[in-house]
Amino acid sequence: YGTVLRGYQPASCPTVGAVTSMDPPSNSASSFSNYLPTDAPSADKVRLIAAPGNAILSTVSYFREASGYRELSGTSMASPHVAGVAATCFMAGRCSSGSTGISQLAKLQAAAKERLGLSAGYGFAGDTASIINSKYYGNLLWAKF
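Residues numbered from 1 in each chain as written. Predicted model: local features only at pLDDT ≥ 70, side-chain atom pairs only at ≥ 80, totals over all residues. Heavy atoms only, no water.

Draft legend 1. Expanded view of the layout of surface pockets. As a volume, the largest pocket reaches approximately 180 Å³. Along the walls of the largest pocket sit 16 residues, with Val82, Ala86, Gly101, Leu105 and Leu108 positioned nearest its centre. Ranked by residue count, the leading element in the lining of the largest pocket is helix α3 (residues 101-118), at 5 residues. In terms of residue class, the lining of the largest pocket is made up of 12 nonpolar, 4 polar and no charged. (1 Å grid on protein atoms, 1.4 Å probe; cavity = no way out; pocket = protein on both sides within 12 Å on 5 of 7 lines; lining within 4 Å. Points joined across faces, edges and corners; volume = space filled by probe spheres on them. Helix = DSSP H or I, 4+ residues; strand = E, 2+ residues; numbered from the N terminus. Nonpolar A, V, L, I, M, F, W, Y, C, P; charged D, E, K, R; others polar.)

This is the structure we're talking about:
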């Protein structure tokens, strides 16, 4: 089950954005998702963003599943959501190709915080508005762009 991100590579590297997983049906952090303690430095927290990662329909080898699809869960299933939103940010001209990945992540973070403030009920148990058991999972990604 999930543990503190500190010490896990590459998620703990200062130039890497880390993606945590949340479970939409339960509106809470996935049981397996890593997290940061609420007293973690702000520099670590700004690199953390959450996306759906439970029961994501994914492509798999036909040798594993005749249909070529299977529901999978994990932060590896949450990360493509973040990549897709980042791509729409670039396509919309809101993210500059000449800046660093961390500055691009800051734009995604700002959008997630904006959405959290705009809509009552947006987010999940474990984001900045509803920290649970001193575990911080980041704000829920928003496809604003």
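Draft legend 2. Looking closely at the environment of Ile132. Assignment of secondary structure puts Ile132 in the loop between α3 and β7 (135-136). Distance in space between the C-alpha atoms of Ile132 and Ser28 is 9.4 Å, their sequence separation being 104 residues.

Draft legend 3. Structural view of the pairing of strand β4 (residues 48-52). A large share of β4 lies buried, amounting to 4 of its 5 residues. Two strands pair when backbone bridges link them, and strand β1 (residues 18-23) and β4 are joined in this way by 5 bridges, in the parallel orientation. In the sheet register, Ala18 faces β4, and the bridge partner there is Leu48. Relative to strand β8 (residues 139-140), β4 is paired through 2 bridges, and the arrangement is parallel. (Buried < 20%, exposed > 50% of the residue type's maximum accessible area, 1.4 Å probe, protein only. Pairing = 2+ DSSP bridges.)

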